[in-house]
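# Per-entry structural report
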Amino acid sequence: MATNTREKRRPYLPVFGALAVLTAVEVGVASLGLEQGIRIFLLLSLAAVKASLVALFYMHLRYDHRILAVIGGFPLLLVVFLLLILMVDRPG
Amino acid sequence: MHSAEGELSFWRKYVFSTDHKVIGKQFLFSSLFFFIVGGLLALLIRTQLAWPWEEIPVVGPLIYGEESGNILLPERYPALVTMHGTIMIFFFIIPILSGAFGNFLIPLMIGAKDMAFPRVNMISYWVMVPAFLVMVASFFVEGGTAAAGWTSYVPLSARPDMIPGSGLGQTLWIVSLLLVGTSSTMGAINYVTTIVTLRAKGMQMFRLPLTIWALFITAILVLLATPVLTSGLLLLLLDRTIGTHFFLPDGGGQVLLWQHLFWFYSHPAVYIMILPAMGMASDIISCFARKPLFGYRPMVFSIMGIAGLGFIVWGHHMFQSGMNPVLGITFMTSTMMIALPSAIKTFNWLATLWRGQLHLTAPMLNALAFVSTFVIGGLSGIYSAATPVDIFIHDTYWIVGHIHYVLFGGSLFGVFAAIQYWFPKMFGRTMSDRWGKVHFALTFVTFNCVFFPMFILGERGMPRRLADPYNYNFLASLQPLNQFMTVSAYALALSQIILFANFFVSLYRGRAAVANPWLANTLEWTTSSPPPLENFHTAPVVHRGPYEYSSPEVSEDWLPQDRVLGGAAAD
Amino acid sequence: MTHTTATHPTPTWEGIKTVKFAMWLFLASEIMFFTGLIVAYIALRYSTPNWPVVRDILNVPLVALNTFILIISSVTMVTAYDRVEHGDHKGFPNFLLATAVLGLIFLSIQAIEWTALMGEGVLPATSIFGATFFTLTGFHGLHVTGGVIWVLWATRKAFRGGYHHDHLGVELVGLYWHFVDLVWIILFTIIYLI
Amino acid sequence: MGGSLPQVSTFAGPIDSLYNVILIVTGVAFVLVEGILIVFLLRYRRRPGQKAAYVHGSRQIELAWTVGTGFMLFLLAIYQYRSWIDAKLNLPDESQAQVVRVSSNQFEWNAIYPGADRQLDTADDIKAPINVLHFPLDRPVVIHLESVDVLHSFFVPALRIKQDAVPGRPGRLWFQATQAGEYEVACAELCGLGHYRMRAFVTIEPQAEFETWLAEVAARQQ
Ligand code: HEA
Ligand code: HEA
Ligand code: CUA
Ligand SMILES: [Cu+2]
């Protein structure tokens, strides 16, 4: 797939635009004084979108073999589980 | 490395070799060395437990020295236990399974010339060496070695003022384990890449021998679990060096956080310590039953099941740790369920024997001992998985019994089997089967005499890591039983001399081995013993699964994976 | 096997270059490494009753700028790869160089931030906030440092025409660089904004 | 379970009987596995000239033992919930129970009892002598478990209770004793060189005697 003869250029600059805008939005959301829960939810979602953009386009997961996405994605399941347990186990 | 073998200097050939077979042997010899070290430490532990605070004739003055009055000092006992556990786990059982057999067998069994990254492979051994040196050095520093248990629970391991070994010794322990982790991670990346990308033509994933499946899944466990230990160790190191308080409550830290991070690694790690042995035992049992392995696919899926579930059960080590008891229910349920894949494996091993033609060679006997003792170890784990029962048996000798039944009875019998099974391929000579059987019989009997009584001790409530249990009235009557175990442990240790003698004598004097002494099917047996530099004279092509024993297609009772049958290759 | 890359085509499996496959495995282990640190941070933060108001202590605008710089460095990196992939062997080394320079700027700004904080008495040893802050940004910074060294090494190789036959090396360093950027995106959000 | 140890709390019954249930289940599994192994070992020894059966497996058999064992294990898991919940989650109402703070440090146990105000952390708290703990009989006792230095574990084998004392994170623990007597406390978490001698004594006595003892301690404290 990723060979020298690839015709179409990939949307690297639009993705950059998105990342830049999202960063600005994040800083904005953070200073908006929203309610804690909503704020955290929004910020985490924005960060997740940004991270996915980097992974999908800059790290080519969108164009590469699926197995690479599996390798990169599987650990996230573990992250979620570990986090969940630690949240339930917080003292006090 | 297209130069002929002869041109390589001594250094490139034996020391900084990139040949997976040499690296495997380097791991083999260093881990066997540490087996002896860890075992001798165990004997000191056992001696103390049988005759607490008494001077050991001859040996005592040598080890403990004048200034301690030739006897064990109370602060040294935790250090002994810590080092015994650490060395056995990190320097013996993990390196011998993944390092020695993983390295030696993966390219040979998948029909590759070498690992995907031979140089990384070499480095992964040479990162282990400083780890060894640092850990050994820690015996000689002020305060002695780390003494907070192989689990190094904080705050004991984070506060140098709490126990002598928590000084420089603990720091060196951390540094050493960081190196071990780096080495295993490098190895794991290499193994996974090799198994996925370098399989011989025709070697589909579902034609891989179970040894390879097990090593493959193990490598994935290592890859994903080890970095979490690394991060935990680094935080601990920072607490100890630059004064952070991640794990120190006085500064706002959390004690249980360490346990979560540690067990998030170390529970998967216990499967890192058993899966390769399970895989190797499967191959050995099928070979000496001369019968296809029963349920190949269920066997593969149960390895995956163990690995997957292995990531969500770590909390069973923390049932009584003050962790939120609601989590106890979650972890108890998942822990119970993890017995299921192990059960499937056990039943399939038995079914493999059913209507077989059993050749009871030394490797086979050890593999069968693996099955029978692993079952005891596994079943004893069910008691601790049962949270209410664990209230009583947690941190008692029940757990110590469990540890040794799974690790010695399981992994180590697997290792004994594997050493004797693959020795001809590794060194081109054969070990004595008769002495192998003598070693087996003595080890099997003495092993049970040492470790079965631990369940009795545990059931009486004898806590572990206790230098002198007889302080307690309710334990005073257990001293004779402990003495019996200690004497058995001496016998167990002496029995190992037979193995070592057999090993080293055969290395130089053993009968020359043919290419396929066991008439086995897997690819490593199709090349000469020992294999040439790039393993195969011609690249093998695989036509069938690894367990075609007693196939009706041929008159012999084995059918190698690469044999071409009749005119058309059965592919 | 050690020097085969020069003479043989890069080994592949199902169209994936073997080294790239391994690179992703390495990144998976890196994910788990940062997982350990991040999870520790979150657990500690939510068990610490009087966590400081981040906006008052940390210089959010400055670091937002730094985040922006790191994102730009990802763009220059990906452009370098895009150029070399399309046969522009003259132009692409400049983009690698730009990436390294941006990485250095990121590190310098971080150094400024660190010094300022330490000047105000926020230290790793003084509070859990300080400990987690310096540890997370520190280990990320170490990764950036490693990345800068790797990128500089690749730049040198690029200027010498080292990627004429095979630009896999550029892709690998790119993967690493973007990963480090990705981690920062997460860290920026959870440390500075939440 | 517990060997020669007496059963002196309400937990002892359920825990010991759960132990016995598991003993039976695993005992059956053990006998089955080892029995079959030995039978096969004798029955299928190699016979010259014969070939083994060429069988690769059986879907039905796999399914049968997977589902069967899975079901057993799941039942066993569910079966335990009750006693775990009783032991660690259903703590009795502290106003009805005897509350005691058990504080640990290298290498001793300290019991602190609330005074007349039935409130801990007040001036009239009563501190028992080191390593001496008294608890009333037949009445729920809630322990506030603490540690001031490293991890310790409060293990009273006769009562079938054990829980780590975690510095910085006080824990709760409860039991109800059913038999008077003097029992040993063992520290069950490695806590330093004196771990092996971190021993204390628990005296279980009827409420009246317990109160007398407490009063004596309080009197000595003045
Ligand atoms: C090779 C290593 C290994 C392996 C494979 C296992 C396997 C298992 N372990 Fe073990 N474990 C350790 C190594 C290992 N363990 C170590 C080192 C510790 C101590 C750490 C420390 O604190 O120092 C420990 C501690 C430990 C604990 C913590 C105890 C405590 O501290 O209180 C628990 C609790 O649940 C546990 C459970 C289990 C279970 C359920 C399995 C299961 O995977 C076992 C499954 C197997 C079987 C059950 C047998 C086969 C099945 C059948 C024959 C079917 C029939 C069975 C039934 C119907 C029940 N282990
Ligand atoms: C693979 C793992 C492994 C192995 C093989 C062993 C092997 C042995 N273990 Fe170990 N053990 C652990 C892993 C292991 N152990 C762990 C993880 C712990 C927990 C640590 C902790 O709590 O932190 C533990 C704890 C532990 C304890 C509990 C200590 C305590 O809690 O107070 C005891 C006590 O009896 C013990 C005993 C033994 C004995 C007698 C052997 C014997 O089987 C050893 C036999 C082997 C030898 C003696 C070496 C043989 C060689 C020779 C003698 C040859 C002579 C020389 C030449 C040829 C040159 N072990
Ligand atoms: Cu206190 Cu062990
Ligand atoms: Cu476990």
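For clarity, every value in this text was computed on a predicted model and none was experimentally measured.

## Quick notes on the overall build of chain C
Helix and strand counts for chain C come out as six helices and two strands. Structurally, chain C occupies a C-alpha span of about 60 × 30 × 25 Å along its principal axes. Here chain C, with 194 residues, has 62% of them falling under the buried criterion. Approximately 7,200 Å² of chain C is accessible, and the part contributed by carbon and sulfur atoms is 67%. In chain C, the 9 positive side-chain charges and the 11 negative ones have mean positions that sit 7 Å from each other.

## Describing the coordination of the iron atom of ligand 2
Residue and element names in this part refer to chain B. The coordination sphere of the iron atom of ligand 2, as far as protein atoms go, consists of His84 (NE2) and His404 (NE2), spread over 1.9 to 2.0 Å. Of note is the iron atom of ligand 2, whose six donor atoms meet at the metal with angles of 88 to 180° in an arrangement that counts as octahedral. Residue histidine 84 is found in helix 4 (residues 76-110), and its partner histidine 404 is found in helix 14 (residues 397-427); the two are separated by 320 residues along the sequence. Histidine 404 carries the same exposure label as histidine 84, and that label is buried.

## Remarks on the coordination of the copper ion (ligand 4)
Residues and elements named next belong to chain B. Taken together, His267 (ND1), His316 (NE2) and His317 (NE2) make up the full set of protein donors to the copper ion (ligand 4), lying 1.8 to 2.1 Å away. Of note, the copper ion (ligand 4) draws all its donor residues from one chain, in the sequence arrangement H-x48-H-H. Taken as an interatomic distance, the gap from the copper ion (ligand 4) to the iron atom of ligand 1 is 4.5 Å. Of this pair, histidine 267 sits in helix 8 (residues 255-272) while histidine 317 sits in the loop between helix 10 (296-310) and helix 11 (325-353), and the two are 50 residues apart along the sequence.

## Some words on the interface of chain B and chain A
Listed per partner, the contact involves 13 residues of chain B and ten residues of chain A. Taken over both partners, the interface formed by chain B and chain A buries close to 1,100 Å², and the fraction arising from carbon and sulfur atoms is 84%. Taken together, chain B and chain A are joined by zero salt bridges. Summed over the shared surface of chain B and chain A, the result is three residue pairs in polar contact (both at pLDDT 80 or more). Of all the secondary-structure elements, those providing two or more residues to the side of chain B that touches chain A are helix 8 and helix 11 of chain B.

## Observations concerning the sheet that holds strand 10 (residues 199-205) of chain D
Whenever strands of a sheet pair, they do so through backbone hydrogen bonds, lying parallel or antiparallel. All names here are of chain D. With mixed pairing, five strands are arranged side by side in an open sheet as 4-10-9-6-7. In this open sheet, the two strands that pair with only one neighbour each are strand 4 (132-136) and strand 7 (161-165). Between one strand and the next, the sheet's axes are offset by a mean angle of 25°, whatever the strand orientation. Pairing geometry for strand 6 (residues 152-156) and strand 7, over five bridges, is antiparallel. For histidine 152, the partnering residue across the bridge sits in strand 7 and is alanine 165. Relative to strand 4, helix 3 (residues 207-221) is tilted by about 140°, and along the sheet it contacts strand 4 and strand 10.

## Comments concerning the pattern of salt bridges
In this structure the tally under the stated criterion is 17 salt bridges over all chains. Of the charged contacts in the structure, one is a salt bridge between arginine 169 of chain D and aspartate 89 of chain A, with a shortest N-O distance of 2.9 Å. Highlighted residues: arginine 169 of chain D in the loop between strand 7 and strand 8 (171-176) and aspartate 89 of chain A in the segment after helix 3 (66-88), drawn from two different chains. Overall, the relative accessible area of 14% leaves arginine 169 of chain D in the buried class. The exposure class assigned to aspartate 89 of chain A is buried, which follows from its relative accessible area of 2%. Aspartate 16 of chain D is the partner of arginine 160 of chain D in a salt bridge, and the nearest nitrogen-oxygen pair spans 2.8 Å.

## Observations regarding the side chain of glutamine 163 of chain D
Tracing the backbone shows glutamine 163 of chain D in strand 7. For glutamine 163 of chain D, the side chain forms a polar contact with the side chain of lysine 88 of chain D, separated by 3.0 Å. When neighbours within four sequence positions are excluded, glutamine 163 of chain D is seen to be in contact with Gln320 and Gly322 of chain B together with Lys88, Leu145, His152, Ser153, Phe154, Gly171, Arg172 and Leu173 of chain D.

## Here we look at the site of ligand 1
If you check the shell around ligand 1, you find 32 residues, and the closest are Tyr271, Asp390, His394, His402 and Arg464 of chain B. Ligand 1 is flanked by residues contributed from chains B and D. In the model, an oxygen atom of ligand 1 is placed 3.2 Å from a nitrogen or oxygen of the alanine 385 of chain B main chain. Histidine 394 of chain B is positioned such that a nitrogen or oxygen atom in its side chain is 2.7 Å from an oxygen atom of ligand 1. Secondary-structure elements contributing two or more residues to the shell around ligand 1 are helix 8, helix 11, helix 12 (362-385) and helix 14 of chain B together with helix 1 (12-43) of chain D. Class assignment for the residues of the shell around ligand 1 results in 20 nonpolar, ten polar and two charged.

## Points about a nonpolar patch on the surface
A contiguous nonpolar surface patch, about 470 Å² in accessible area, is contributed by Leu32, Leu34, Ile38, Phe41 and Leu42 of chain A. Structurally, leucine 34 of chain A can be placed in the loop between helix 1 (12-30) and helix 2 (36-58).

## As for the environment of tryptophan 558 of chain B
All names here are of chain B. Take tryptophan 558: it is sitting in the segment after strand 2 (511-512). Among the residues examined, tryptophan 558 registers a relative accessible area of 17% and is labelled buried. When the C-alpha atoms of tryptophan 558 and phenylalanine 140 are compared, they prove to be 54 Å apart, with 418 residues separating the residues in sequence. Discounting chain neighbours no more than four positions away, the residues touching tryptophan 558 are Arg290, Asn516, Leu519, Ala520, Asn521, Glu548, Tyr549, Ser550 and Arg563.

## A look at the side chain of serine 17 of chain B
All names here are of chain B. With respect to the helices and strands, serine 17 occurs in the loop between helix 1 (10-15) and helix 2 (20-50). Overall, serine 17 belongs to the buried group, its relative accessible area being 4%. Side-chain polar atoms of serine 17 contact the backbone nitrogen of aspartate 19, separated by 2.9 Å.

## Some points on the interface of chain D and chain B
With 81 residues of chain D in contact, the opposing surface of chain B contributes 101 residues. Summing both sides of the interface, chain D and chain B together bury roughly 7,900 Å²; the carbon and sulfur share of this comes to 69%. Considering only the surface of chain D that becomes buried against chain B, Trp84, Leu190 and Tyr196 of chain D emerge as the three largest contributors, covering 10% of it. Where chain D meets chain B, there are zero salt bridges. At the boundary of chain D with chain B, the tally comes to 27 residue pairs in polar contact (both at pLDDT 80 or more). Elements supplying a minimum of two residues to the side of chain D that touches chain B: helix 1, helix 2 (59-89), strand 7, strand 9 (181-187) and strand 10 of chain D. Among the elements that line the side of chain D that touches chain B, the one with the most residues is helix 2 of chain D, at 18 residues. Of the residues belonging to the side of chain D that touches chain B, the class tally is 47 nonpolar, 18 polar and 16 charged.

## Concerning the nonpolar core
Among the nonpolar cores identified, the biggest contains 384 residues, and Phe101 and Trp422 of chain B together with Tyr113, Leu133, Phe135, Phe154 and Phe175 of chain D are the most heavily contacted of them. Counting residues per element, this core draws most heavily on helix 4 of chain B, which supplies 23 residues. Ignoring sequence-local partners within four residues, the contact set of phenylalanine 154 of chain D consists of Val102, Trp109, Leu133, Ile143, Leu145, Ile161, Lys162, Gln163, Leu173, Val185 and Ala186 of chain D.

## Description of the site of ligand 2
All names here are of chain B. Taken together, 32 residues are adjacent to ligand 2, and Arg46, Tyr77, His84, His404 and Arg465 come closest. Between ligand 2 and the protein, one listed contact pairs an oxygen atom with a side-chain N or O atom of arginine 46 at 2.7 Å. In this structure, arginine 465 approaches ligand 2 through a main-chain N or O atom, which is 2.7 Å from an oxygen atom. Elements with a contribution of two residues or more to the shell around ligand 2: helix 2, helix 4, helix 14, helix 15 (433-459) and helix 17 (479-509). Counting residues per element, the shell around ligand 2 draws most heavily on helix 14, at seven residues. For the shell around ligand 2, the residue count by class is 23 nonpolar, six polar and three charged.

## Focus on the sheet that holds strand 8 of chain D
Residue and element names in this part refer to chain D. One open sheet holds the five strands; their spatial order is 3-2-1-5-8, and the pairing between them is mixed. Among the strands making up the open sheet, the edge pair consists of strand 3 (126-127) and strand 8. Pairing between strand 5 (residues 140-147) and strand 8: six bridges, direction antiparallel. Looking across to strand 8, one finds that isoleucine 143 is bridged to leucine 173.

Cut-offs applied
Residues numbered from 1 in each chain as written. Chains lettered and ligands numbered in written order. Predicted model: local features only at pLDDT ≥ 70, side-chain atom pairs only at ≥ 80, totals over all residues. Heavy atoms only, no water. Helix = DSSP H or I, 4+ residues; strand = E, 2+ residues; numbered from the N terminus. Buried < 20%, exposed > 50% of the residue type's maximum accessible area, 1.4 Å probe, protein only. Areas by Shrake-Rupley, 256 points an atom, 1.4 Å probe, with all protein chains shown as cover. Lys, Arg positive; Asp, Glu negative; His and termini not counted. Charge placed at Lys NZ, Arg CZ, Asp CG, Glu CD. Donors = N, O, S within 2.8 Å, 3.2 Å for Na, K, Ca; no water. Tetrahedral: all angles 85-135°; square planar, octahedral: opposite > 155°, others 65-115°. Contact = heavy atoms within 4.5 Å. Buried area = accessible area lost by both parts, 1.4 Å probe. Salt bridge = Lys/Arg side-chain N within 4 Å of Asp/Glu carboxyl O. Polar contact = N/O pair within 3.5 Å; in protein donor to acceptor, adjacent residues only side chain to side chain. Pairing = 2+ DSSP bridges. Axes fitted to C-alpha atoms, helices over the stretch in contact; angles between N-to-C directions. Near = heavy atom within 4 Å. Nonpolar A, V, L, I, M, F, W, Y, C, P; charged D, E, K, R; others polar. Patch = residues over 30% accessible without salt bridge, like charges linked within 9 Å, V, L, I, M, F, W, Y side chains within 5 Å. Core = buried A, V, L, I, M, F, W, Y, C linked by side-chain atoms within 4.5 Å.

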